[in-house]
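The chain contents come next:
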Amino acid sequence: MAVDSVLSSPLGPPACEKDAKALQFIEEMTRNADAVQERVLDEILTRNSQTEYLKRFELDGAGNRETFKSKIPVVTYEDLQPEIQRIVNGDRSPILSAHPITEFLTSSGTSAGERKLMPTIKEELDRRQLLYSLLMPVMNLYVPGLDKGKGLYFLFIKSETKTPGGLLARPVLTSYYKSEHFKSRPHDPYNIYTSPNEAILCADSFQSMYTQMLCGLYEREQVLRLGAVFASGLVRAIRFLQLHWSQLTHDIRTGTLNKQITDPSVCERMGKIMRPRPDLADFVANECCKENWEGIITRIWPKTKYLDVIVTGAMAQYIPTLDYYSGGLPKACTMYAASECYFGLNLNPMCKPTEVSYTIMPNMGYFEFLPHDPTATSSPTNLVDLVDVEVGKEYELVITTYAGLYRYRVGDILRVTGFHNSAPQFHFVRRKNVLLSIDSDKTDEAELQRAVENASKLLREFNTSVVEYTSYADTKTIPGHYVIYWELLMKDLNNSPSDEVLNKCCLAMEESLNTVYRQGRVACNSIGPLEIRVVKNGTFEELMDYAISRGASINQYKVPRCVNFAPILELLDSRVMSRHFSPSLPQWTPGRRR
């Protein structure tokens, strides 16, 4: 059977011979998924058999699944922290991996409110590059002519630091963009960006965004697709254009670069790109000065065929905003990846966001699945192999990697939607235990509780306490921000907390949140000031009454710590007495974990 028909493309054959080889590779891997998984596990266990971690469980060199599953425990990050900390401190012995740990990838997931440090090895870059190389061959089946123009992608690096043992610690995408795999990537007519490497690799977020937007405007007629890693990033880019179009058009009109751009490599590169274009400046200014920004993407970049952004999970909240700005352009979610491992790709990238499913590539690592039932009173113990998952059921992803993670719980909840050959396809449901997320931040219930407790200490001198609270991520503003609803008990109405005190409570909550959140507030400008909305007394009783009227049990009802159901939000907002915002930025220092 031909590759293109197997992939169910509506458009026919691969775009080129290179694409045909990539698609054939996908077919081979997914057709033989179980055999590939068996080989991967054997390779991982054989090469790492003499590591301290595996020797502890007395595998005796056995690489078969049965022995592996009977002897190796399922673990979380907290279980591995002692081993990871030793590597952080400079222990170079083969603790988790026989290959040298070359750096740590800082996960956006949180552990006790902080970034996780995921050890990785050099060859993982090859595996990531392999998965990236499969994306455009699939996309070319659905969108013809992508070699006739460019992609406007807003890509950024984030801060990095060194561990006490001398290894770099940085986000996985920063690691990739700074690697030779990205910087020296071979020319591919189907995958050319308007943003030069110098702009992407500029550590200053303003300078990076400004010059990437400037290049995108200069080449507006060449742009066939717009993208960012997350939907929030693309929304933020459009907001940046709203705020800075006057400066940008001045630069285009005169061919001179904004004096705020000071990075030498960026200035040198932009000097080769910029030239006076009064006609282009007039066009952009005419579009941007209008009050109505509906369809601004296609007005400025008229040849755009789709948006390349992640809009699954927490990012789904940005879909209406992207629809507004783009006039409803398709949104392609192309791949599924994390700091711990790159997992798979979307073989139907032009589907609706609600229908996105990722096909797990069995060569990327060894995958197991923990059945997930939120109503169960006890945790299941029997994990399911990749090819044995059942359509319609939900699972938590458990991975074993070449870099030394063994039966590691990633924390992603996935629902099986079908199979491509013998490889399952999954819809990303959510991150386990995550309540709030605006960008790459992830705040869980325990962290939110601590933040509320710390902030409420400011109310004690006023004999006031927080009776109940809930929250939601408001993405109607740009950037989005956390909203916390507080119901207060004031025992002395003559000494109630002032607006200034409640504003300080907002800041105290922000100071209590994790590094990823605070970096988003301070360095990336991807999260707006936290807001507390004080509601009338009795509001949370009304909330319970509403839940009971919809069938909730009065005996089992618990106040939800995060809400997104429109009628509940309307009820809460109808009872708001006052609104308060964080008056300043929380503390955040590059390179520090806390």
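It should be noted that the structure appears before, not after, this text.
The paragraphs below set out a description of the structure included in this document. (Residues numbered from 1 in each chain as written. Predicted model: local features only at pLDDT ≥ 70, side-chain atom pairs only at ≥ 80, totals over all residues. Heavy atoms only, no water.)

### Overview of the packing of helix α11 (residues 205–218) against helix α13 (residues 264–273)
α13 packs onto α11 with a crossing angle of 10 degrees between their chain directions and a minimal axis gap of 12 Å. Taken together, the axes of α11 and α13 lie roughly parallel to each other. Along the contact surface, α11 presents T211, L214 and C215, while α13 presents V266, M270 and I273. Here the residues of the contact of α11 with α13 are counted per class, giving five nonpolar, one polar and no charged. (Axes fitted to C-alpha atoms, helices over the stretch in contact; angles between N-to-C directions. Helix = DSSP H or I, 4+ residues; strand = E, 2+ residues; numbered from the N terminus. Parallel < 35°, antiparallel > 145°, perpendicular 65-115°, else oblique. Contact = heavy atoms within 4.5 Å. Nonpolar A, V, L, I, M, F, W, Y, C, P; charged D, E, K, R; others polar.)

### Comments concerning the pairing of strand β6 (residues 223–230)
By the criterion of burial, β6 is predominantly enclosed, with six of the eight residues buried. Bridging between strand β3 (residues 150–154) and β6 involves five bridges; their strand directions are parallel. Paired with G151 across the two strands is R225, which belongs to β6. Examined bridge by bridge, β6 and strand β7 (residues 306–310) share four bridges and lie parallel to one another. In the sheet register, L226 faces β7, and the bridge partner there is L307. (Buried < 20%, exposed > 50% of the residue type's maximum accessible area, 1.4 Å probe, protein only. Pairing = 2+ DSSP bridges.)

### Remarks on the side chain of K331
With respect to the element layout, K331 can be found in strand β8 (residues 331–332). A relative accessible area of 5% means that K331 is categorised as buried. Among the polar contacts listed, one links the side chain of K331 to the side chain of D323, at a separation of 2.5 Å. Within the structure, K331 has its side chain in polar contact with the backbone oxygen of L329 (distance 3.0 Å). Aside from chain neighbours lying at most four places away, what touches K331 is L307, V309, V311, I319, L322, D323, P349, C351 and P353. (Polar contact = N/O pair within 3.5 Å; in protein donor to acceptor, adjacent residues only side chain to side chain.)

### Quick word on the nonpolar core
Among the nonpolar cores identified, the biggest contains 164 residues, and W301, F343, F367, W486 and M509 are the most heavily contacted of them. No other element matches helix α7 (residues 124–142), which puts ten residues into this core. Beyond its immediate sequence surroundings of up to four residues, W301 is in contact with L152, M213, G216, L217, R220, V223, L226, I238 and L241. Ranked by size, the runner-up nonpolar core spans eleven residues in total, among them F540, L543, V563 and I568. (Core = buried A, V, L, I, M, F, W, Y, C linked by side-chain atoms within 4.5 Å.)

### Considerations on the sheet that holds strand β22 (residues 576–581)
A sheet is described by the order of its strands in space; here four strands give the open sequence β19-β20-β21-β22, paired in mixed fashion. Each having just a single partner strand, β19 (464–474) and β22 make up the two edges of the open sheet. With strand direction ignored, the average angle separating the axes of adjacent strands in the sheet is 25 degrees. Note: strand β20 (residues 481–490) against strand β21 (residues 531–535), five bridges, orientation parallel. Residue pairing in the sheet places E487 in a bridge with V535 of β21.

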